[in-house]
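One-letter residues, chain by chain:
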Amino acid sequence: MTKVKTALGASLFLLVYLVLIPWLFREQPYRLGVLTTASVLSLISAGVWLMFYIGRINMGQGGFALVGGYSAAILVSKLGLSFWAALIGAGFITVVISVLVGLPLLRLKGVYFSMITLSLTETARLTAQSFPSLTNGTKGILNLPLPGALKIAGFTLIPDFASIDKHFAFYFLGAFLTILGFASLYRIVNSRLGWLFRSLQQNEDLASSFGVDVPRLRVIALAICAAFAGTGGAFFVTMQQSVYPATFTFQDSTYFLLYCFLGGLGSVWGAFVGAFVLFLSFEMLQGLNQFQPLIYSLIMIGMMLWLPNGLLSIKLPFSFNFFSKAGGPACKPEEEAGQP
Amino acid sequence: MTPMNPTPLMEVRNLTKRFGGLVAVNDVSFAVQEGEILSVIGPNGAGKSTLFKLASSFLTPTSGRVFFRGEDVTSQSPHIAARKGIVRTFQETTIFRNMTALDNVVVAHHLRSRASLPGFFFGTKTAGEDEKRFRESASEILNYLGLGDVRDMIASTLPHGHLRALGIAIGMAADPKLLLLDEPFAGMNSEETTQAIRMVRGIRDRGVTIILVEHDMSAVMTISDRIVVLNFGKKIAEGTPAGIQNDELVIEAYLGREDENEEDVNEENVNEENGDEETQESNASSRKAGIENVP
Ligand SMILES: Nc1ncnc2c1ncn2[C@@H]1O[C@H](COP(=O)(O)OP(=O)(O)OP(=O)(O)O)[C@@H](O)[C@H]1O
Ligand SMILES: [Mg+2]
C-alpha cells in the first residue's frame, strides 16, 4: 500500500516537475531560468542536508560549489574539454579536494567543525583570486560555451544546446541532475549507509564500539556532499556562461543551510522543498531583494523557534506519505551533546 | 582456581593512564582466560572505566600494552578492536535514542555484513540477505534479553532497566569474543539484577568471555569466576570471590581506614588541592555503602 502511494506520489511529482512546469513557462525564459536555478540550488543544498544527517553543520558548501564551477570553467576554456566531460571532471575534482580537506577537518566536532567550514568559502574565493593565470583573477572566466552535443557511439543522446531552446535544455538538464541527486540521497538514507550515518549523528562512540569506521564514514559523507556541490556548481556556471570569485559567496553557504532548515532535516526532500519555497518566494517579491539577508535571518530564527523540524514536519490534512516517509525519525543534529 | 592457559584471551601488562597530574590507571596487569567472567571492582574513581577504555582502544595508554590472543592491540582505533572481537558497553546508558529497540540492534550488526556499501546502495542480493539476517538475529538477541515485547518502541521511551539491557544487546550484535560490560546492573532492582545475572551467564555460555565492572557487590560475588580490585588506579588484589572478600587490603579500601587513605591520596595526587576533601569524603561514604552489600 505504501509502495503504491510512493509510486503515485513520485509520478505526480515528476509530471509536475518535468511536464507541467516547463509547459506553463514555455514562453517565459526568465522564469524558467529561475526555476532551473532553484533546482541546482536544491541539489547543492542536498549535500549540506547529508552533512546534517551525520550531525555536522557544513557552512562551506559555497566553497565546494565554487571549486566545481571553476573546475568546469577551466576544463572547458583552458583544456578544451566538452561540457559533459567537464561536468564529471568538476564533480571528481571537488570530491578529491573535499577528501583532502575533510581528513583533518572532520576530526573536529560540533561547533569547531562548523567554524572551520565557515572559512572554506572565503578560502575558495581567495584562491580563485590568487591564481589569475588559471582563473583570470577577479575578472573571472567569461564567455563559456554552451554545452555541445552528447554523443555515445555515434548516437546523439543530447543535441547541441546552441541548436535548441537553451532555456528548456538547461531546465531539463538541471531537473535531471536534481532528480538523480535526490534519488541517490533517498537510496543512501534508506540503505544500510543511511543507518550508519544516523548512528554517527546520534553517537559516534557507540557506533565505533560495534565496529563502524567512523572517520572513514565521515569522509564518505563529505565526499558525497561535495559531489553534489561540485556538480551543481559546474552546471550553474555553465548556465551563467561565466564564473567569478563571487559566483558562490559565504552568503550562499548560509542560504544552503537555511534551505535545509526550512524544508526540514527529517526528510530527504527537505533541501528540495526549502530551496524552491524560499528561492521562488523571493523571485516573486522582487522589491524586497535588498532586505533579503535580513528576511532570511528572521526566517531562520522563526524556524528555530516555531518549526524546528521544517516545513515538511507540518502535518497535512491528508497523509502524503511520499514526503514524510524517507528520513526516518526526526533528525535534529545532536552534535554538541556529550562532546568534551 | 582457573588453570593458566598458555595464551589468555586478553592480557594487559603494566597499563598506566595519566590525565595531566592524575594517574587514573597505575601499572595494572591481569589476564582473562577464554570463557571466564572476570569482575573489576573498586571505589568510585578507582579507574575501572578508564581501564575498560584502554582495553577497548577508546583511550591510548600512557604506557603499558594490551594483548588479545597474544597479539599486541594497544592503541589502535576502537572500530579495529571491535572487529577483532573486543566490544565494550558504556557506563552511562548509551543507545541510539531516536531509533526503535530493534533498529538499535540491527544497526549494531554492522560487522557481520557481507555486502559492501555500494552493494547496499544498489540493493544487491547479498545486501538484501544481510538485512534479513540482521533482523532475524536482532530479534533473537532482543528476545533473549527479554526485550522482545518492546522491540518496536523508540528507545528514548523505554524504562531504565530495558535501556541497560539494550546496551548489552547492542554489544552482543557485534559478535564479540570479549564483552566489556561497564556497570551492567546499575539502577536495577534486585529482581532485575537476578535476571540480568542469568543473562550474562547465558552470554558467557554462548562462548563470549566477559569482563565487567560493577558496584553491586552481591551480584559481583555471585557472578564472577575471578575478581580484580582497583583502588586509586592500582590493582590491590586479584582472586576468587571468596578470597577477595577476606582480603585485608580490599576490606581496608572499602571500609576506608581514614588515616591510611589520607596518606595514599597525598602520595598520589600531590597537585590536588583542598577542594578535593569533599571527593574523598564521598568516596569513603560510597565505599561504606559498597561493603554493606557484601553478603
Ligand atoms: N577524560 C578524562 N580526563 C581527565 N580525568 C579523567 C578522565 N576520565 C577519567 N578521569 C579521572 O580518572 C579517574 C578514574 O575515572 P574512572 O571513570 O575510570 O573511574 P571509575 O572507577 O570508573 O569510577 P566510577 O565507579 O565512578 O565509574 C577519576 O578521578 C576521573 O575523574
Ligand atoms: Mg566508571
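The following paragraphs examine the structure supplied in this document. Everything quoted here is computed from the prediction, not taken from an experiment.

The rules behind each value
Residues numbered from 1 in each chain as written. Chains lettered and ligands numbered in written order. Predicted model: local features only at pLDDT ≥ 70, side-chain atom pairs only at ≥ 80, totals over all residues. Heavy atoms only, no water. Helix = DSSP H or I, 4+ residues; strand = E, 2+ residues; numbered from the N terminus. Rg over C-alpha atoms; globule rule 2.2 N^0.38 Å. Buried < 20%, exposed > 50% of the residue type's maximum accessible area, 1.4 Å probe, protein only. Contact = heavy atoms within 4.5 Å. Pairing = 2+ DSSP bridges. Near = heavy atom within 4 Å. Polar contact = N/O pair within 3.5 Å; in protein donor to acceptor, adjacent residues only side chain to side chain. Nonpolar A, V, L, I, M, F, W, Y, C, P; charged D, E, K, R; others polar. Donors = N, O, S within 2.8 Å, 3.2 Å for Na, K, Ca; no water. Arc of directions from axis to C-beta. Axes fitted to C-alpha atoms, helices over the stretch in contact; angles between N-to-C directions. Phe/Tyr/Trp six-rings, centres within 6.5 Å; stacked < 30°, edge-to-face > 60°. Lys NZ or Arg CZ within 6 Å of the ring centre and 35° of its normal. Parallel < 35°, antiparallel > 145°, perpendicular 65-115°, else oblique. Left-handed = near helix turned anticlockwise from the far one by under 90°. Salt bridge = Lys/Arg side-chain N within 4 Å of Asp/Glu carboxyl O. Buried area = accessible area lost by both parts, 1.4 Å probe.

Each helix and strand counted, chain A has 15 helices and two strands in total. Relative to its length of 340 residues, chain A is compact, with a C-alpha radius of gyration of 20 Å against a globular reference of 20 Å. Dimensions along the principal axes, computed over C-alpha positions, put chain A at roughly 55 × 50 × 50 Å. Counting over 340 residues, chain A shows a buried share of 52%. Of all intrachain contacts in chain A linking residues separated by at least 6 positions in sequence, the fraction that spans at least 24 positions is 77%.

All names here are of chain A. Sheet topology note: the strand 1 (residues 150-152)/strand 2 (residues 155-158) ladder contains three bridges and is antiparallel. Bridged to I152 within strand 2 is F155. Remark: two residues form the turn of the hairpin made by strand 1 and strand 2, two consecutive strands paired antiparallel; A153 in that turn has positive phi of roughly 50°.

Turning next to the site of ligand 1. Residue and element names in this part refer to chain B. Taken together, 13 residues form the shell around ligand 1, and within it K48, S49, T50, Q91 and H215 come nearest. Between ligand 1 and G47, the relevant distance is 2.9 Å, taken from an oxygen atom to a main-chain nitrogen or oxygen of the residue. Between ligand 1 and S49, the relevant distance is 2.7 Å, taken from an oxygen atom to a side-chain nitrogen or oxygen of the residue. Among the elements of the structure, strand 2 (22-32) and helix 1 (48-55) are those that each provide at least two residues to the shell around ligand 1. For the shell around ligand 1, the element with the most residues is helix 1, which contributes three residues. A breakdown of the residues in the shell around ligand 1 according to their chemical character gives four nonpolar, seven polar and two charged.

For the rest of this paragraph, the subject is the coordination of the magnesium ion (ligand 2). Residue and element names in this part refer to chain B. Each protein donor to the magnesium ion (ligand 2) is listed here as S49 (OG) and Q91 (OE1); together their distances run 1.9 to 2.1 Å. Of the two residues, S49 sits in helix 1 while Q91 sits in the loop between strand 6 (86-88) and helix 3 (101-107), which places them 42 residues apart along the sequence. For S49, a relative accessible area of 17% puts it in the buried group.

Take the pairing of strand 3 (residues 37-41) of chain B next. Residues and elements named next belong to chain B. The buried fraction of strand 3 amounts to five of the five residues, a majority that puts the element mostly inside the structure. What you see with strand 3 is no split at all: I37, S39 and I41 on one side and L38 and V40 on the other are buried throughout. Bridge count between strand 3 and strand 8 (residues 209-213): four bridges; the pairing is parallel. Each residue of the ladder has a partner; that of V40, found in strand 8, is V213.

Residue and element names in this part refer to chain A. The set of residues buried in helix 6 (residues 120-130) consists of L120, T121, A124 and A128. With its buried residues spanning 105° around the axis, helix 6 presents them on a single face. Where the residues of helix 6 are buried, they touch helix 3 (61-77), helix 4 (83-105), helix 5 (110-118), helix 7 (132-135) and helix 12 (250-263).

The next subject is the sheet that holds strand 8 of chain B. Note on sheets: strands pair through backbone hydrogen bonds, and any given pair is parallel or antiparallel. Residues and elements named next belong to chain B. Spatially, 6-7-8-3-9-10 is the arrangement adopted by the six strands of the open sheet, whose pairing is mixed. Edge strands, defined here as strands with exactly one partner in the open sheet, are strand 6 and strand 10 (234-239). On average, adjacent strands in this sheet sit at an angle of 15° to one another, irrespective of strand direction. As judged from the three bridges shared by strand 6 and strand 7 (residues 178-182), these two strands associate in the parallel manner. When the bridges of strand 7 are listed, R88 appears paired with L180.

Okay, the packing of aromatic side chains next. In total, this model carries 22 aromatic pairs over all chains according to the counting rule given. Here B:F121 and B:F122 contribute two aromatic rings whose centre-to-centre distance is 4.9 Å and whose plane-to-plane angle is 90°, an arrangement assigned as edge-to-face. In this structure an aromatic cluster arises from ring pairing among A:F13, A:Y17, A:F168, A:Y171, A:F172, A:F182, A:Y186, A:W269, A:F272 and A:F276. Directly above the aromatic system of B:F58 lies the positively charged group of B:R88, at a separation of 4.6 Å from the ring centroid.

Time to look at the packing of helix 2 (residues 29-53) of chain A against helix 11 (residues 214-240) of chain A. The description of two packed helices rests on the angle between their axes and on the distance between the axes. Residue and element names in this part refer to chain A. Close contact between helix 2 and helix 11 brings their axes to 7 Å; oriented N to C, the two are set at 165°. On the basis of their axis angle, the class for helix 2 and helix 11 is roughly antiparallel. Considering only the axes of helix 2 and helix 11, their crossing is left-handed. Residue-level inspection shows G33, T36, T37, V40, L43, I44, A46, G47, V48, L50 and M51 of helix 2 in contact with helix 11, the latter providing A221, L222, I224, C225, F228, A229, G232, G233, F235, F236 and M239. Residues of the contact of helix 2 with helix 11, tallied by class, amount to 16 nonpolar, six polar and no charged.

Quick look at the sheet that holds strand 5 (residues 71-72) of chain B now. The antiparallel open sheet is built from four strands, whose spatial order is 2-1-4-5 (chain B). The sheet terminates laterally at strand 2 and strand 5 of chain B, the two strands that pair on one side only.

Attention shifts here to the pattern of salt bridges. Residues and elements named next belong to chain A. The final tally for this structure, using the stated rule, is 19 salt bridges over all chains. Taking the shortest distance from any N to any O, the salt bridge between K109 and E204 comes out at 3.7 Å. Of this pair, K109 sits in the loop between helix 4 and helix 5 while E204 sits in helix 10 (residues 204-209), and the two are 95 residues apart along the sequence. By relative accessible area, E204 is classed as buried at 10%. Overlapping salt bridges, with partners in common, bring together R56, K109, E204 and R218 in one network.

Okay, unusual backbone geometry next. Leaving glycine aside, a negative phi is the common case for residues, and trans is the common case for peptide bonds. Even without being a glycine, A:Q241 presents a positive backbone phi close to 60°. Assignment of secondary structure puts A:Q241 in the loop between helix 11 and helix 12. Positive phi values are uncommon outside glycine, yet B:D175 reaches one of about 60°. Examined against the element boundaries, B:D175 turns out to sit in the loop between helix 6 (160-173) and strand 7. For B:D175, a relative accessible area of 40% corresponds to the partly exposed category.

All names here are of chain B. Within the fold, A155 resides in the loop between helix 5 (125-144) and helix 6. When the C-alpha atoms of A155 and L166 are compared, they prove to be 8.6 Å apart, with 11 residues separating the residues in sequence. Aside from chain neighbours lying at most four places away, what touches A155 is I95, F96, R97, M99, T100, A101, N104, L163 and L166.

Of the residues lining the interface, 27 residues belong to chain A; the matching set on chain B comes to 32 residues. In total, about 2,500 Å² of surface goes out of reach between chain A and chain B, with carbon and sulfur atoms giving 66% of it. Ranking the residues of chain A by area buried against chain B places A:R192, A:W195 and A:F210 at the top, with a combined share of 31%. There are one salt bridge connecting chain A and chain B. Note that A:R192 and B:E131 form a salt bridge whose closest N and O atoms lie 4.0 Å from each other. Taken together, the connections running from chain A to chain B amount to seven residue pairs in polar contact (both at pLDDT 80 or more). Looking at the side of chain A that touches chain B, the elements with two or more residues in it are helix 8 (166-190), helix 9 (192-202), helix 10 and helix 11 of chain A. A total of seven residues in the side of chain A that touches chain B trace back to one element, the largest contributor, which is helix 9 of chain A.

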